[in-house]
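Summary of structural features
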Amino acid sequence: MNNSKNIYLLHLAALTMVKNKRYAPPSAGESSETKEATRAPGQGLSQRVERAQQHGDGGRVHANTQYSQQGARGGGRYQDPIPHQPSNDPAKYQAHGCYGRGGPRQRGTPRPYHDGRRSGSGGRGVPTTTSVTLPELHQAPQVHHQVPVVTPSPPETCSSSLHVEVNTGQVQLQFQQLAIPDQSSSIQGMQLAPPSSKSGRFPMRPGKGTSGSRCIVKANHFSAELPDKDLHQYDVSISPDVPSCGVNRAVIGELVTLYRQSHLGGRLPAYDGRKSLYTAGPLPFTTRTFEIVLQDEEDRIGGAQVAQRYAILDIFVTCYSVCSLLIYLPVVRREKHFMVVIKFAARADLHHLAMFLAGKLPDAPQDAIQVLDIVLRELPTARYSPVARSFYSPNLGTRQQLGDGLESWRGFYQSIRPTQMGLSLNIDMSSTAFIEPLPVIDFVAQLLNRNVSIRPLSDADRVKIKKALRGVKVEVTHRGNMRRKYRIFGLTSQATRELTFPIDDHGTMKTVILYFQETYGFNIQHTTLPCLQVGNPQKPNYLPMEVCKIVEGQRYSKRLNDKQITALLKVTCQRPQQRELDILQTVNHNAYHEDPYAQEFGIRIDERLALVEARVLPPPRLKYHDSGREKDVLPRIGQWNMRNKKMVNGGRVNDWICINFSRNVPDSAATSFCRQLAEMCQISGMDFSIDPLFPPLTTRPENVERALRSRYQDAMNALKPLGRQLDLLIVVLPDNNGSLYGNIKRICETDLGLASQCCLTKHVYKRSPQYFANVALKINVKVGGRNTVLVDALSRRIPLVSDRPTIIFGADVSHPHPGEDSSPSIAAVVASQDWPEVTKYAGLVSAQTRRQELIQDLFKVWQDPQRGTVTGGMVKELLISFRRSTGQKPQRIIFYRDGVSEGQFYQVLLYELDAIRKACASLEPNYQPPVTFVVVQKRHHTRLFANNHNDQRSVDGKSGNILPGTVVDSKICHPTEFDFYLCSHAGIQGTSRPAHYHVLWDENKFTADGLQTLTNNLCYTYARCTRSVSVVPPAYYAHLAAFRARFYMEPDTSDGGSVASGVTTSRGPTGARRAAGNVAVKPLPDLKENVKRVMFYC
């Protein structure tokens, strides 16, 4: 045994010499795991602005320092020589990824530490002592003589509130600069309103509204009593630095378990997973240092290994130029040592918060609100899988399969907010998609919908598998209890049976199949499948699919397909009464009165839904053409129909053609369908020719470009000598048409300048009159008509709109779906082009830096070789278009901005209001019409329920939702600022979500009734249907235009790539935009002039 020991020491010394000579050890906090692409908030259905949890890589066997992603168990030492006093308090510190237990190492074997995370994630990039384990995969041959490339992993998304820091002095100065100076004499006949604010504050609430019939509704807000505690904030420094909230929580959890009673003064702190720790009262020190030891429970060994207490270490030639040595030595558990410094930082000012809630102070103390939010998140973070502000678990409801290897998990959203009733805890039900914890072979079979062993994978199959599995964490199953975890970054190009790797300096090769057979006694069955590439892309490792299982608890953050969206909607769709009950059950289950953290900090949560005073605004009367039997209509419960009515301004379609891309629709069916559609357009009030210019053309989808251009050219050859233009293209599409729809829109709107209407095959055969009527509405606005107008608009009775020429803008930014790494964001702005009707909206679109929320092209300046300095931008172009259409320049601007989160309010307002100012000034000196800037939010979690679900006066009997027109501007709204919730639509399925409107700037001095009534009435002018809609139409149209513009981008065939983020500058109206890192954002093709003037996006 002594000889064996001596041999072992000699080998260890030799390896150390080789390592020190040839390799510089990676710095603390680095990880051998591949970087995972991160994503920002917001978005599609799923798509709310939430980020997938990032997990660490498994430690690979190298003789230098090891790195592990797993949770650990262990103990710790305190720097001061004070004996450890174990805590007897039942309220043990718990956190997500943190159920630390144990005592100081010198007192015996540490108690087990469990990672706690359902996904199996924990820290990564944590240096440990040398590990002695069996290797389970080999290094890829192409890098076998290279130093392992070690890159720091991106930080893990932590489950804490975002602290938005605003420099009050700077904001105040910027607001003063944006306010209109006194220039009443500079614009003829126009008296400007005074600036809405000369400070950094948003407009104050101008009183509460009184219009409409009063009622009581319930909101999913629960009153939170402000604690009477002295809150302290401490800075936490953990070294070596670890970019993982899971490991950080494990370290602090162990520290609290060991030292709560002895050195923390009995305090139970709340920790944000990063750099801050909060306590209800001071700790008995200002600064102290602790040493914490965690032990990786991944290194526990199975029965046979325990019996012999030996492990085999394969030392690869790729690392150390030493021939494969088999060294028998006792198993060494990996310990992770951390130094934790806790230092007093500040006191959270709860008095300031109380004054703000009482309306006596202008600014919300975000630090105090953040502390309370973190406190209330501690316990659910320990129990469930956190995703942004929501928590999910397979135990909170039945898992539902979504298809293609995905399943839905139920959960709840939780956030504490300042409101008029004081602090409020907003709780709502939530569901999202997780990857099923299947063997990878089974996942791939579900994804491809076939048995993968029957035939080899095609190239398309490989691409689909690679996209689905990239970034997914798997655990190996061929090593008994040793379930090491890895993250996938790709697939091998070769099948498993073809893969080989070198085993010595002489280039002797061994197959992967033989390696697994000899090393693990494992016979690979699916030899035709590729291997998974895991770990570091610079030094890839191979794992056969059949030895891998997907780790549970990984949220799927990529785009869902239509089938999955339908399945998820079915899960989340709840009638109001059921949703209300589930919310109450969730609050009861969370038992905030028993939460040790809430008790520690003195937070009390009322378990009853908030009762809120609301009003139901009356619907507006809508005007139709006098030639119809019904000249106007008063909508009932948010809807009406076109029977006996004619469009108020019918468009003209003299010359049109039809192209049929569906092989299931014969020419005769396409002809009769088009004829019925033309007849409906006539009945609805359009001047529409019954017969097309040519008979329908039937062709294949792959011929789309040639067919469109050829048919268009034929039409123009026939019409140009007559001085006419082609007015409309009707297209019949297959029900599953892939990219065909987008290609048609791109060609028609950016190349041919032609309005188009696409119809699916299923509608060709159904031929529903309601369908024809809805399509007629869309066609009418695409060719320049109006469907309906507010009676109050024609009679000039809309306050602050009808008295002087007013333009209403809508703006939105569409961000790419997760996984679309090379796609830019798309900004869209629409603006009304008629006054006083405010019904027609022209639209413009622009590509900008990926994930940039500020609209870059509202106003821009560039240098032209001939004209010198030139100004332009979307606002300027739309203002010019308004004057062209109406003969007047706008004397008032109302700007509805969609998709801005609270943390971006100041940033968006200061940038975009400044752009509006500059666009106006570029048209005429001293031209500064007063602006009202309103943010529209739909991605919030406030829900309103009827106080009595059987009261027909306040409930829609069909859906059980509150009535359209229900508005709330009290109790659950901002303590002092001008905001309101408006449910302007009639819910059809599920529970209605009201839109939240927040006024950030108001030089037009709207009253609460004025803005609420205007917004509600505009919701009845939406062009595509005879229903009121949930979001004010200009914002809705901007969303549609931004979505449409994605089709204008050329398809990206690359499998990767990204666009850098940062401030962009433009080289001109069509120039490439450059972002930080000098990465160009390719501009969109220009819309044709005749397309810009109409509502092409409908």
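Worth saying up front: this structure is predicted, and the values here are computed from it rather than measured.

**Notes on the packing of helix α8 (residues 440-448) against helix α9 (residues 459-469)**
Two elements in contact, α8 and α9, have axes separated by 11 Å at closest approach and are oriented at 120°. Classified by the angle between their axes, α8 and α9 sit oblique to one another. The hand of the α8/α9 crossing is right-handed. Judged by residue contacts, V440, F443, V444, L447 and L448 of α8 engage D461, K464, I465, A468 and L469 from α9. Tallied by class, the residues present in the contact of α8 with α9 amount to 8 nonpolar, no polar and 2 charged.

**Side note on the sheet that holds strand β34 (residues 756-760)**
Spatially, 4 strands are ordered β32-β30-β33-β34 in an open sheet, and the strand pairing comes out parallel. One side of each edge strand has no neighbouring strand; the edge strands of this open sheet are β32 (697-698) and β34. For strand β30 (residues 656-660) and β32, the ladder comprises 2 bridges, and the chain directions are parallel. Each bridged residue has a counterpart across the sheet, and for N660 the counterpart in β32 is T698.

**Details of helix α21 (residues 905-923)**
The end-to-end C-alpha distance of α21, which contains 19 residues, comes to 27 Å, matching closely the 27 Å that a straight helix rising 1.5 Å per residue would cover. The complete set of buried residues in α21 reads F905, Y906, V908, L909, L910, E912, L913, A915, I916, R917, A919 and C920.

**Observations concerning unusual backbone geometry**
Across the junction of S239 and P240, the peptide omega takes the value 0°, indicating a cis bond. Looking at the secondary structure, you find P240 in the loop between β6 (231-239) and α3 (245-259). Residues other than glycine seldom take positive phi values, yet A591 does so here, at roughly 45°. For A591, a relative accessible area of 11% puts it in the buried group.

**Quick word on the sheet that holds strand β42 (residues 931-937)**
For sheets, the rule is that strands pair by backbone hydrogen bonds, running either parallel or antiparallel. The mixed open sheet is built from 11 strands, whose spatial order is β38-β37-β36-β41-β42-β46-β45-β44-β26-β4-β43. Edge positions in the open sheet fall to β38 (841-848) and β43 (944-946), since each of these has one partner strand only. In this sheet, neighbouring strand axes are inclined to one another by 30° on average, regardless of whether the strands run parallel or antiparallel. The sheet contact formed by β42 and strand β46 (residues 995-1002) spans 6 bridges and is antiparallel. Residue Q937 lies in a different strand from β46, and its bridge partner there is H996. Taken strand by strand, α21 contacts β41 (892-898), β42 and β46, and its axis lies near 140° from that of β42. Helix α22 (residues 1008-1018) contacts β26 (610-616), β36 (806-814), β38, β41, β42, β44 (966-968), β45 (979-983) and β46 of the sheet and is inclined by roughly 30° relative to β45.

**Describing the pattern of salt bridges**
For the structure shown, the criterion picks out 48 salt bridges. One network of salt bridges, in which partners are shared, links R399, E407 and E552.

**Quick word on the layout of surface pockets**
Approximately 860 Å³ is the volume attributed to the second largest pocket. At 7 residues, the largest contribution of residues to the lining of the second largest pocket is made by helix α20 (residues 874-886). In terms of residue class, the lining of the second largest pocket is built from 17 nonpolar, 12 polar and 13 charged.

**Brief notes about helix α16 (residues 740-752)**
α16 sits mainly inside the fold: 10 of its 13 residues count as buried. When α16 is considered as a whole, its buried residues turn out to be L740, G742, I744, K745, R746, I747, C748, E749, T750 and L752. Structurally, α16 contributes buried residues whose contacts are with α15 (704-719), β33 (728-733), β34, α18 (769-782), α23 (1033-1045) and α24 (1089-1092). Count one or two residues on from α16 and you reach G753, which has phi positive near 70°.

**Concerning the packing of α15 against α16**
α16 packs onto α15 with a crossing angle of 40° between their chain directions and a minimal axis gap of 10 Å. When the interaxial angle is binned, α15 and α16 end up oblique. For α15 against α16, the interelement crossing comes out right-handed. Of the residues in α16, those in contact with V704, E705, L708, R709 and Y712 of α15 are L740, N743, I744, R746, I747, D751 and L752. A class-by-class count of the residues in the contact of α15 with α16 yields 7 nonpolar, 1 polar and 4 charged.

**Let's talk about the pairing of strand β39 (residues 860-864)**
Along β39, the buried face is formed by K860, W862 and D864; none of V861 and Q863, which line the opposite face, is buried. Across 5 bridges, β39 lies against strand β40 (residues 868-872) in antiparallel orientation. Bridge assignment links V861 to a residue of β40, and that residue is T871. From the end of β39 to the start of β40, which pair antiparallel, there are 3 residues.

**Here's the deal with the pairing of strand β19 (residues 485-495)**
With 9 of 11 residues buried, β19 is to be regarded as a mostly interior element. When strand β18 (residues 473-476) meets β19, the two strands line up antiparallel, connected through 3 bridges. Considered in β19, the bridge of E475 is made with K485.

**What about the packing of aromatic side chains?**
Counted according to the given criterion, the structure contains 28 aromatic pairs. Centre to centre, the rings of F202 and F905 are 6.1 Å apart; their planes meet at 75°, and the pair counts as edge-to-face. With a gap of 703 residues between them, F202 in the loop between α2 (168-178) and β4 (213-219) and F905 in helix α21 connect regions that are remote in the sequence. Considered together, F202 and F905 belong to a single accessibility category, that of buried residues. With centroids separated by 5.6 Å and ring planes inclined at 75°, the aromatic side chains of Y234 and F344 adopt a geometry described as edge-to-face.

The rules behind these values
Residues numbered from 1 in each chain as written. Predicted model: local features only at pLDDT ≥ 70, side-chain atom pairs only at ≥ 80, totals over all residues. Heavy atoms only, no water. Axes fitted to C-alpha atoms, helices over the stretch in contact; angles between N-to-C directions. Helix = DSSP H or I, 4+ residues; strand = E, 2+ residues; numbered from the N terminus. Parallel < 35°, antiparallel > 145°, perpendicular 65-115°, else oblique. Left-handed = near helix turned anticlockwise from the far one by under 90°. Contact = heavy atoms within 4.5 Å. Nonpolar A, V, L, I, M, F, W, Y, C, P; charged D, E, K, R; others polar. Pairing = 2+ DSSP bridges. Expected span 1.5 Å × (residues − 1). Buried < 20%, exposed > 50% of the residue type's maximum accessible area, 1.4 Å probe, protein only. Salt bridge = Lys/Arg side-chain N within 4 Å of Asp/Glu carboxyl O. 1 Å grid on protein atoms, 1.4 Å probe; cavity = no way out; pocket = protein on both sides within 12 Å on 5 of 7 lines; lining within 4 Å. Points joined across faces, edges and corners; volume = space filled by probe spheres on them. Phe/Tyr/Trp six-rings, centres within 6.5 Å; stacked < 30°, edge-to-face > 60°.

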